[in-house]
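Examination of the molecular architecture
The residues making up each chain are set out below.
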Amino acid sequence: MTAPEAELTVWKPAESRPPPRAATGALGWIRENLFSGWLNTLLTIGSVYLLWVAVPPFLDWAIFSATWDGASRQDCDLAAGACWPVILVRWEQLMYGFYPNTEHWRANLAFVLLLVALFYGLYDKAPGRKYGLLFVCAYPFIAYFLLYGGFAGLEYVESAKWGGLLLTLAMGVTGIAFSIPFGIILALGRRSDLPVISLICTVFIEFIRGVPLVTLLFFGNVMLPLFLPEGTNIDNYLRVVIVVCFFASAYMAEVIRGGLQAIPKGQYEAAAALGLGYWKMMGFIILPQALRISIPGIVNTSIGLYKDTTLVSLVGLFDLLGMARAINADTKWMGLEIELYVFIGIVFFITCFAMSRYSLWLEERLTRGERH
Amino acid sequence: MNASDPIIEMRGVNKWFGAFHVLKDINLEVARGERIVVCGPSGSGKSTLVRCVNRLEEHQEGDIVVDGIKLTNDLKNIDQVRSEVGMVFQSFNLFPHLTVMENCTLAPIWVRKLPKAQAEEQAMALLERVKIPEQADKYPGQLSGGQQQRVAIARALAMNPRIMLFDEPTSALDPEMIKEVLDVMVDLAESGMTMLCVTHEMGFARQVANRVIFMDEGEIVEQNDPEEFFHNPRNDRTKLFLSQILSH
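Counting from 1, residues in each chain are numbered in the order their sequence is written. Whichever chain is written first is A, and whichever ligand is written first is 1; the rest continue in order. It should be noted that, the model being predicted, local features are given only for residues of pLDDT at least 70 and side-chain atom pairs only at 80 or more, the latter also being counted only at that level, while totals for whole chains, interfaces and linings use all residues. Side-chain numbers here rest on the full set of heavy atoms in the structure, without hydrogens or water.

1. A short note on the overall build of chain A
- For the purposes of this entry, the term helix denotes a DSSP run of H or I that reaches at least four residues, the term strand denotes a run of E that reaches at least two, and both are numbered from the N terminus. Looking only at helices and strands, one finds 14 helices and 0 strands in chain A.
- Order of helices (α) and strands (β) in chain A, N terminus to C terminus: α-α-α-α-α-α-α-α-α-α-α-α-α-α.
- Expected size for 372 residues packed as a compact globule is a radius of gyration near 21 Å; at 28 Å, chain A overshoots this value by more than 25%.
- Projected onto its principal axes, the C-alpha coordinates of chain A cover approximately 105 × 60 × 40 Å.
- We call a residue buried when its accessible area falls under 20% of the maximum for its residue type, exposed when it is over 50%, and partly exposed in between, using a 1.4 Å probe and counting protein chains only. Expressed as a percentage of its 372 residues, the buried residues of chain A come to 40%.
- Only four residue types enter the charge count, namely Lys and Arg as positive and Asp and Glu as negative; His and the chain termini do not. The location of each charge is read from NZ of Lys, CZ of Arg, CG of Asp or CD of Glu. Across chain A, the centroid of the 26 positively charged side chains sits 7 Å from that of the 27 negatively charged ones. The quantity called the radius of gyration is restricted to C-alpha atoms. Its globule counterpart is 2.2 Å times the number of residues to the power 0.38.

2. Quick look at unusual backbone geometry
Residues and elements named next belong to chain B.
- Look at Arg 55: it is not a glycine, yet its phi comes out positive at around 55 degrees.
- Structurally, Arg 55 can be placed in the loop between α1 (46–53) and β4 (61–66).
- Among the residues examined, Arg 55 registers a relative accessible area of 8% and is labelled buried.

3. Concerning the layout of surface pockets
- Quantified by volume, the second largest pocket comes out at close to 1200 Å³.
- Along the walls of the second largest pocket sit 30 residues, with Asp 193, Tyr 268, Tyr 278 and Met 281 of chain A together with Arg 82 of chain B positioned nearest its centre.
- Contributing elements (two or more residues each) for the lining of the second largest pocket: α7 (164–190), α8 (195–209), α11 (265–273) and α12 (278–308) of chain A together with α2 (75–84) of chain B.
- Asp, Glu, Lys and Arg are counted as charged, while Ala, Val, Leu, Ile, Met, Phe, Trp, Tyr, Cys and Pro are counted as nonpolar; the rest, among them Gly, fall into the polar class. Of the residues contributing to the lining of the second largest pocket, the split by class is 16 nonpolar, 4 polar and 10 charged. Buriedness of a pocket was judged along seven lines, with at least five required to meet protein on both sides within 12 Å; pockets are open sets of points on a 1 Å grid over the protein atoms alone, cavities are sets where a 1.4 Å probe fits but cannot get out, and lining residues have an atom within 4 Å of a point. Grid points are joined across faces, edges and corners, and a volume is the space filled by probe spheres set on the points.

This is how it looks when you write it as structure tokens:
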């Protein structure tokens, strides 16, 4: 039966060869991406034309014919170009609102500490990250102590005086920092096996999601004081920030719930089979994977929340947008909306773009090495 | 509790999925060190039976006692049983965000409260036992199916379980990888582990099982030692099943 061994062919796998080279070089890229067919060629030409029409006049207005020096709008040639002195002269108000001049260093320090906290919170290879994370958790308290003051010789600064970018960042950072953990709790609660907990979380989420933020802001600002006993004085900022936090949490919860639902049942079973209880299962196995999946949604919600904080200018807070409107009401600078809005646009773009790039970087990094 | 007492005891166990009666009056005793293979057509309730032992499925009637602990709704009992019973799944269910090493040390550290160094030392020994120590720092997604299943076995063994449950451990594997997993299971059987395996690997059943159980329609139709079971089935349903799976 058995054939002599010499008759067996020795099989050797064929040598692999490198993949065929794609058309390279700048010219090849241009042809492939911009002129690959008549439709693409048409679109390319159309786009170039639009850019040609829009960009040079804007640059001329914003830079070449703009006025950079001056003390009021009288110094600007408004017909020719932008009047940037409005930003430079009112810089401090745009940054700090009515925060006392002598105390600006406190806001600056809070900002620098924010950068440190972001570095430790967002960069997982930071040196000494264990202690860094403790600092991240402590940061919101440190920042609020610094900004409010009223201890250790620091002058008390009521929140009504906060404004500009300071206020925008304070609300945005508080909202995001609060909404992620609270959103996790709500999401877990909504999926809980205990009907009471699940019901409470569901009602909370659906109520908040069913009402526009502006309505909630007015509710917090105008109606809440009516319900509280007379003489109770929660300051305006605090009321608004609580509303913003709750609002963001409800959205965050739904994003995270989406992530939780994407985790296969087998992961729960494997964790349970090893004897991990509910919290260990969630903390070590389920949430790390669910949050990873949710990163794009979490960042999306964060960016949305951060931009939504501009709505507080409607209830009498002077955030970046509210401040701009206040400046515009000043006779010295009246009619310079465009300059102010362009400036605000740039500020928001920088922060939001940074968030979105960070999320891409994080996704890339977290999935590296575990691709299936 | 005597050493001669059964380690798993099921008395009159019934379970329904909705209106579907999936386990019907199951009575089963498993002795310490016994190796049982459970087979049967799909939908026969064999996986459910095994999953009831660590309460991944809840039974509605009857008693299940595992190593002297009765399975009730008491969460403490359930977690205690689960840490004594290792389980290997058809689809591996490794934790994809953790390395192989972390997969094998997480539960020992957080459930058994082992110091990290000791847990890692033990995990490394187990990875050597399943013959993949060199993969310790990789993520599950970077391994082949057979390697993943061997990690899953090492992960379960890391808890020093007294019983190992296998739920069709080779069904999701490419043919060439089945043997490497079965080799590990044979090695485990020879070390005296109590094993309850749902599998259709009849070669494995012949080689290591003390007893083969055949299930259909939620009932234990027949059980016997492998020799008798394969050559001398008593029940026509068993005979039909064997002829179907052994005819190729």
